[in-house]
Amino acid sequence: MSTEDLEKYEAEMELKLYREYRDVVKIFKFVVETDRRFYLCNKVDVRAKSEHGEVFFDVTMSDAWVWDMYRPARFARNVRVLTFKDVNVEELAPDDLEPPKG
């Protein structure tokens, strides 16, 4: 497989993922962004924890969709993420649920 073929495949996968996102975003209430992934979910709980002087975040989500083009199944009933990096949680307003046109 050439570099050009690989780039074309990845571009097609990203477009397919965006189209899936556009179709499912309307059924979720929250957007959660971690250092490694982007999630849509209907329930989220973020807890800052400290252990041995280190602070980390324990993030649990229910009824989630994961933005990851390499996952064969992007829907997950429960997700748990432990991270030392920032976590961003946004509640989607009804107007935010419409993806940009185009």
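Residues numbered from 1 in each chain as written. Predicted model: local features only at pLDDT ≥ 70, side-chain atom pairs only at ≥ 80, totals over all residues. Heavy atoms only, no water.

Per an unreviewed UniProt entry, the protein chain is named DUF2469 domain-containing protein, and its organism is Nocardioides zeae.

1. Remarks on the overall build of the protein chain
As a reminder, the rule being used: For the purposes of this entry, the term helix denotes a DSSP run of H or I that reaches at least four residues, the term strand denotes a run of E that reaches at least two, and both are numbered from the N terminus. With residues, only the protein chains shown are counted as cover, and all accessible areas are computed by Shrake-Rupley using a 1.4 Å probe.
Scanning the protein chain from N- to C-terminus turns up 1 helix and 5 strands. In sequence order, the secondary structure elements of the protein chain are arranged as α-β-β-β-β-β. The principal-axis extent of the C-alpha atoms belonging to the protein chain is close to 50 × 35 × 20 Å. A total of about 7,600 Å² of accessible surface is found on the protein chain, and carbon and sulfur atoms cover 49% of it.

2. Some thoughts on the packing of aromatic side chains
Just so we agree on the cut-off: Pairing of aromatic rings covers Phe, Tyr and the six-membered ring of Trp, with a centre-to-centre limit of 6.5 Å; geometry is then stacked below 30 degrees between planes, edge-to-face above 60, and tilted otherwise.
In total, this model carries 8 aromatic pairs according to the counting rule given. With centroids separated by 6.3 Å and ring planes inclined at 35°, the aromatic side chains of Y18 and Y21 adopt a geometry described as tilted. Taken together, the positions of Y18 and Y21, both in helix α1 (residues 3–24) and 3 residues apart, correspond to about one turn of that helix.

3. Side note on α1
Worth spelling out the cut-off: Given the number of residues in a helix, its expected span is that number minus one, multiplied by 1.5 Å. With a 1.4 Å probe rolled over the protein chains alone, any residue whose accessible area is under 20% of its type maximum counts as buried; one over 50% counts as exposed, and the rest are partly exposed. What the arc covers is the set of directions going from the helix axis to the C-beta atoms. Contact definition: two residues touch when any of their heavy atoms are within 4.5 Å.
With 22 residues, α1 ought to run about 32 Å at 1.5 Å a step, and its terminal C-alpha atoms sit 32 Å apart, in line with that. Within α1 the residues assigned to the buried category are M13, L17, Y21 and V24. One side of α1 carries all its buried residues, which in axial view fall inside an arc of 80°. Opposite its buried face, α1 presents the exposed residues E4, E7, K8, K16 and D23, each directed more than 90 degrees away. Buried residues in α1 make contact with β2 (38–51), β3 (54–67) and β4 (75–83).

4. Points about the sheet that holds β2
Quick note on the threshold: Each pair of strands is called paired provided DSSP finds at least two bridges between the two strands. What counts as an axis is a line fitted to C-alpha atoms, over the stretch in contact for a helix, and the angles between N-to-C directions run from 0 to 180 degrees.
Pairing is antiparallel across the open sheet formed by 5 strands, whose spatial order is β4-β3-β2-β1-β5. Strands at the two margins of the open sheet, each flanked by one partner only, are β4 and β5 (88–91). Geometrically, the sheet is characterised by an average inter-axis angle of 20° between neighbouring strands, direction not taken into account. In the sheet, β3 pairs with β4 via 8 bridges, with the strands oriented antiparallel. Its bridge partner lying in β4, S62 is registered against N78. Against the sheet, α1 engages β2, β3 and β4, with an angle of about 85° to β3.

5. Quick notes on the side chain of R74
Put simply, the rule is: Within 3.5 Å is the distance limit for a polar contact, defined as a pair of N or O atoms, with the added protein rule that one can donate a hydrogen and the other accept it, and that residues adjacent in sequence qualify only through two side-chain atoms.
Following the sequence through the fold, R74 ends up in the loop between β3 and β4. Exposure remark for R74: the relative accessible area of 11% places this residue in the buried category. A polar contact of 2.7 Å, which involves the side chain of R74, links it to the side chain of E20.

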